[in-house]
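# Survey of secondary and tertiary structure
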There are 2 protein chains.
Amino acid sequence: MPTLDPITDGEVAPWLTDVRQRFYTRPTRIPLAEVARWEAHPGVATIRHESGRFFDIHGLAVAVDGVLTWRQPVVYQNDIGVLGLLMAERDGELQVLVQAKPEPGNINGVQISTTVQATHSNYTRVHGGRPVPYLDYFANPAPHQIVVDTRQSEHGAVFFRKRNRNIVVQVAEPPAAQDGFCWLPLSTVYRLLAVDDLLSMDLRTVLGCLPWVPEPAPTTSSPFQHALHRSMQPDAPARYRLPDLLHWITDTRCRHRVDTTRLSLPELPEWRHVDGVLSAGKDSPFHIIGVSVEAAGREVQSWSQPMIEVPDPGVLALLVADIEGVLHLLVQLRIEPGLIDVAELAPSVQQLPGTPEPSAAEAELLIRALSASPQDIRFDTMLSEEGGRFFHTRNRHLIVETAPFDEPTGYRWITVAQLRELLRHSYYANVQTRSLLSCLTSLLAEPAPGGRC
Amino acid sequence: MPTLDPITDGEVAPWLTDVRQRFYTRPTRIPLAEVARWEAHPGVATIRHESGRFFDIHGLAVAVDGVLTWRQPVVYQNDIGVLGLLMAERDGELQVLVQAKPEPGNINGVQISTTVQATHSNYTRVHGGRPVPYLDYFANPAPHQIVVDTRQSEHGAVFFRKRNRNIVVQVAEPPAAQDGFCWLPLSTVYRLLAVDDLLSMDLRTVLGCLPWVPEPAPTTSSPFQHALHRSMQPDAPARYRLPDLLHWITDTRCRHRVDTTRLSLPELPEWRHVDGVLSAGKDSPFHIIGVSVEAAGREVQSWSQPMIEVPDPGVLALLVADIEGVLHLLVQLRIEPGLIDVAELAPSVQQLPGTPEPSAAEAELLIRALSASPQDIRFDTMLSEEGGRFFHTRNRHLIVETAPFDEPTGYRWITVAQLRELLRHSYYANVQTRSLLSCLTSLLAEPAPGGRC
């Protein structure tokens, strides 16, 4: 996979190098019982901060259609975080204000993220505290142009009903970039998606909610990736009418029932504290570890916290096909324990270590994705999950072009335009889908029409 | 208000007269403690059927933004009911298959309703039992054209997180109407909305979810109502862009937090059993009464059940205005205790007896609606709430044309097209708004463009 070196757009590489020297987090693994100010020792019912703030980790039993399906710890955070991206037209093209943000779980310290990541408490200022730079553009966006503002789910396999607000605001008078921030052309941002572990999950999900493809088309000078066939139009006519897709989603959500029961951590069979880590052993979907952090930069401090570690990368693959001249993506409707509304659209393959065996259909699609010829692989980059909660957790993002084939049960071929239409609204597409949609957008050779407003 | 007599479309009046003689429910009020097979006596924590089926009534404490706001009984029904309407093109126009349905709470016994009202259990046939006529068109709609399929909320002031599936299926080969059913032109159905207590709430909410206005325009020969000004187009350009409206909804849903706690009925202050009725006295938002029912017709039987009684009609008013040549509706975002997602769009005025004092803004709008000149009142009909749960509960439905004015806080002028766009998705507009939208559609002189599929 490409490194940052070939990228010559502006001063991205030297800017990052400079920022990384001054802004960093240095995590050290520590036993859970030694995580200061957290109740995280063996036998505790709920892992929680002594103040009750930040997040809790407790157990959850999940029954799908009356059948017990999962018993696992979940991260519970009763807060709608704000992921805000500031946008402006500068020098004749759309630019966004990104932040080089250090997070303790980032494998490489600093990644490029949204303008703002704030908790709801930051947002409403209930706790007072140091102001978050640029937050006011998102707390009071009315004077500006709101491009998108929607709540979306986070990882339903780890978080219980966690949501983030994805908001993009375009300003006529762009503010100067503070230290650690940088205005980048949107086309550059899309190109940077091809670099391993560079664009944060927060930035990818917000890009995935953008209602249109930016101009100029980001691939025109991409040194890494193959553009998708230019003959494929990202817009209509689609294989399915939107009412048929909405029926599919409604029907699935009505036919299946997800019941959850809160458990204490010791009630979870197989989950045990071993060597300071809470884990279900070798098949554990994740481990809960303790981390001590030394940070420098904007918020100089040190702290300890529990984190989620998924040691082996998973595979997130989107199969795309030309169906009668129109680009279609193969998506599934997937039930996850922490989702707020039964099931959301997920990529063709969402194979994470330790999660339940893939269905026969998904296993076949995984083989199809991994055995694709190199010329059919349009995108193949290792990208990180959110580094404030996930420790060194990465997933391979694959986009593979294929000839169209009959959809397996539970799958549909949909168009980019249809997915974007659904992403105007909450809880239709999961975080993995949004991340892959941002990757796919980076490959679109033809800009889609502007958003319908 | 007009009676049914002036309606000469087809054989609606004689059909209803005939059906009413053979299909009926005869309710008798009885004390709650005498409702057979229900635990409903004074002191019971939860009113419930001995089988655990149908519905429960328990107490609920609701805190909005940390402030205790409501303590009241709520009806809890863990079931997504199906409201299905079958549609076909017959004799060159769209027709729908309606049912003359008796419900014990209907003030006039039989009202015209959707093709199917079924519980989820009917739908999935888990309990076996007698098949519901035409249900298979909605359980397996794939061979037909799905017009709309969406889950929508029920009365958030009474039900706790109750949802119904609103589904319209168009068939190429319409089945014959069984006894008690009738194919009616859609334009006739819209005209019948002007008759007091004739079209059921279930039918009104489904009509409110239709993504377009039917042709021919229903008002062209309406004997009762004034059409809205023909110069007003029901479609764009709107005062607000859709992203701005979605921002308004997202922001409201993020800024407010609704926490609910289940209570036993005796824990509710002021709610007492008096003369066999559970009520909070003269300011009670509703009473819970017992009803013994004798029914004849399709399902000949007798039973007893608790019902919700709202003795005085409320006022539901939609103010509409011509803003730069475009028809706009004034809607508010309203928090109700039983809504699944904080707040939904509500009419300009939703004033129900016993509910909290209206805001100053809503009180002013109520005065504006009630004091409108007769020539500005476009629609004024008393329509019933769902007669399976509500006993003789009716609300005045008013549509009043006004000059545009500045929106009060918490209100927005939106277009018909924007409301329809939102109604493709779940939980944006409450049942009162959907009911009034169906009334408004009956007045639209110019058909809107067909649905975007």
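Residue numbers here run from 1 along each chain, matching the order of that chain's written sequence. Each chain takes a letter, starting from A, and each ligand takes a number, starting from 1, following the order in which they are written. The predicted origin of the model limits local features to residues at a pLDDT of at least 70 and limits the giving and counting of side-chain atom pairs to 80 or more, whereas totals for whole chains, interfaces and linings rest on all residues. As a rule here, side-chain values come from all non-hydrogen atoms in the structure, and water together with hydrogens is ignored.

## What about the overall build of chain A?
Test applied: We count a stretch as a helix when DSSP gives it H or I for four or more residues in a row; a strand needs E for two or more, and each element gets its number in order from the N terminus. For every residue, the accessible area (1.4 Å probe, protein chains only) is compared with the maximum for its type, and the residue is labelled buried under 20%, exposed over 50%, or partly exposed between those bounds. Residue contacts are counted whenever heavy atoms from the two residues lie within 4.5 Å of one another.
Helix and strand content of chain A: nine helices and 25 strands. The buried share of chain A, reckoned over its 453 residues, is 63%. A sequence separation of at least 24 residues applies to 74% of the contacts in chain A between residues at least 6 apart.

## A few points about the packing of helix H6 (residues 242–255) of chain B against helix H8 (residues 416–423) of chain B
For any two helices packed against each other, one specifies the crossing angle of their axes together with the interaxial distance. All names here are of chain B. Operational definition: Axis definition: a line fitted to C-alpha atoms, over the contacting stretch in the case of helices. Angles run 0 to 180 degrees between N-to-C directions. Angle categories: roughly parallel below 35 degrees, roughly antiparallel above 145, roughly perpendicular from 65 to 115, and oblique for all the rest. Crossing handedness: left-handed means the near helix sits turned counterclockwise from the far one by under a right angle, and right-handed means the same turn made clockwise.
Running from N to C, H6 and H8 point in directions that differ by 55°, and their axes come no closer than 11 Å. Classed by the angle they form, the pair H6 and H8 counts as oblique. In the packing of H6 onto H8, the handedness of the crossing is right-handed. Touching Leu242, Leu245, Leu246 and Ile249 of H6 are Gln418, Glu421 and Leu422, all from H8.

## Some words on the interface of chain B and chain A
Applied cut-off: Simply put, the buried area is the total loss of 1.4 Å probe accessible area from both parts when two parts are fitted together. The term salt bridge refers to a side-chain nitrogen of Lys or Arg lying within 4 Å of a carboxyl oxygen of Asp or Glu. Pairs of N or O atoms are called polar contacts if they sit within 3.5 Å, as long as, within protein, a hydrogen donor faces a hydrogen acceptor (for residues adjacent in sequence, only side-chain-to-side-chain pairs). Residues are grouped as follows: Ala, Val, Leu, Ile, Met, Phe, Trp, Tyr, Cys and Pro are nonpolar; Asp, Glu, Lys and Arg are charged; all remaining types, including Gly, are polar.
Contacts between chain B and chain A engage 34 residues on the former and 34 residues on the latter. With both chains or domains summed, chain B and chain A bury close to 3300 Å², and 48% of this area falls on carbon and sulfur atoms. The tally of links between chain B and chain A comes to four salt bridges. Between Asp341(B) and Arg151(A) there is a salt bridge whose closest N-O contact spans 2.8 Å. At the boundary of chain B and chain A, one finds 15 residue pairs in polar contact (both at pLDDT 80 or more). Secondary structure elements with two or more residues in the side of chain B that touches chain A: helix H2 (120–124), strand S10 (145–153), strand S11 (163–170), H6 and H8 of chain B. If you tally residues by element for the side of chain B that touches chain A, the top one is H6(B), at ten residues. Split by residue class, the side of chain B that touches chain A holds 14 nonpolar, seven polar and 13 charged.

## Some thoughts on the pairing of strand S18 (residues 314–323) of chain B
Residues and elements named next belong to chain B. Convention followed: Strands were regarded as paired on the criterion that DSSP finds at least two bridges between them.
Counting buried residues along S18, nine of its ten residues qualify, which places the element largely inside the surrounding structure. Pairing of S18 with strand S24 (residues 394–402), which is carried by eight bridges, proceeds in the parallel orientation. Within the sheet, the bridge partner assigned to Ala317 lies in S24 and is Leu398. Pairing geometry for S18 and strand S21 (residues 349–351), over three bridges, is antiparallel. Across the sheet, Ala317 pairs through a bridge with Val349, a residue of S21. In this structure, S18 lies alongside strand S19 (residues 326–335), joined through four bridges in antiparallel fashion. The residue bridging Ile323 from the neighbouring strand is Val326, located in S19. Once S18 ends, the chain turns through two residues before running back antiparallel as S19, passing Glu324 with a positive phi of about 50°.

## Describing the packing of aromatic side chains
Residue and element names in this part refer to chain A. Put simply, the test is: Centres within 6.5 Å make a pair out of two Phe, Tyr or Trp rings, where for Trp the six-membered ring is used; the pair is then stacked when the planes are under 30 degrees apart, edge-to-face when over 60, and tilted otherwise.
Across all of its chains, the model carries 14 aromatic pairs over all chains by this definition. Taking the centre distance of 4.9 Å and the plane angle of 45° together, the rings of Trp38 and Phe55 count as tilted. Here the residue Trp38 occupies a position in strand S2 (residues 38–39), and Phe55 occupies one in the loop between strand S3 (47–49) and strand S4 (56–64), the gap between them amounting to 17 residues. Looking at Trp38, the relative accessible area reads 9%, which means it is buried. For Phe55, a relative accessible area of 4% gives the class buried.

## Considerations on the side chain of Asp197(A)
Position of Asp197(A) relative to the elements: it lies in the loop between helix H4 (186–192) and helix H5 (201–208). Dropping the residues within four chain positions of it, Asp197(A) is found in contact with Ile107(A), Asn108(A), Gln111(A), Met382(A), Leu383(A), Ser384(A) and Arg394(A).

## Considerations on the confidence of the model for chain A
All names here are of chain A. Here is the rule: Known as pLDDT, the predictor's confidence for each residue is given on a scale from 0 to 100.
Summarising the model, chain A shows a mean pLDDT of 88, and 88% of its residues fall at 70 or more. The model gives residues 216–227 a pLDDT under 50, and that stretch makes 37 contacts with residues more than four places away or in other chains. Confidence drops under a pLDDT of 50 for residues 445–453, and excluding neighbours within four residues, the segment shows 27 contacts in the predicted structure. As scored by the predictor, the complex reaches a pTM of 0.92 and an ipTM of 0.91.

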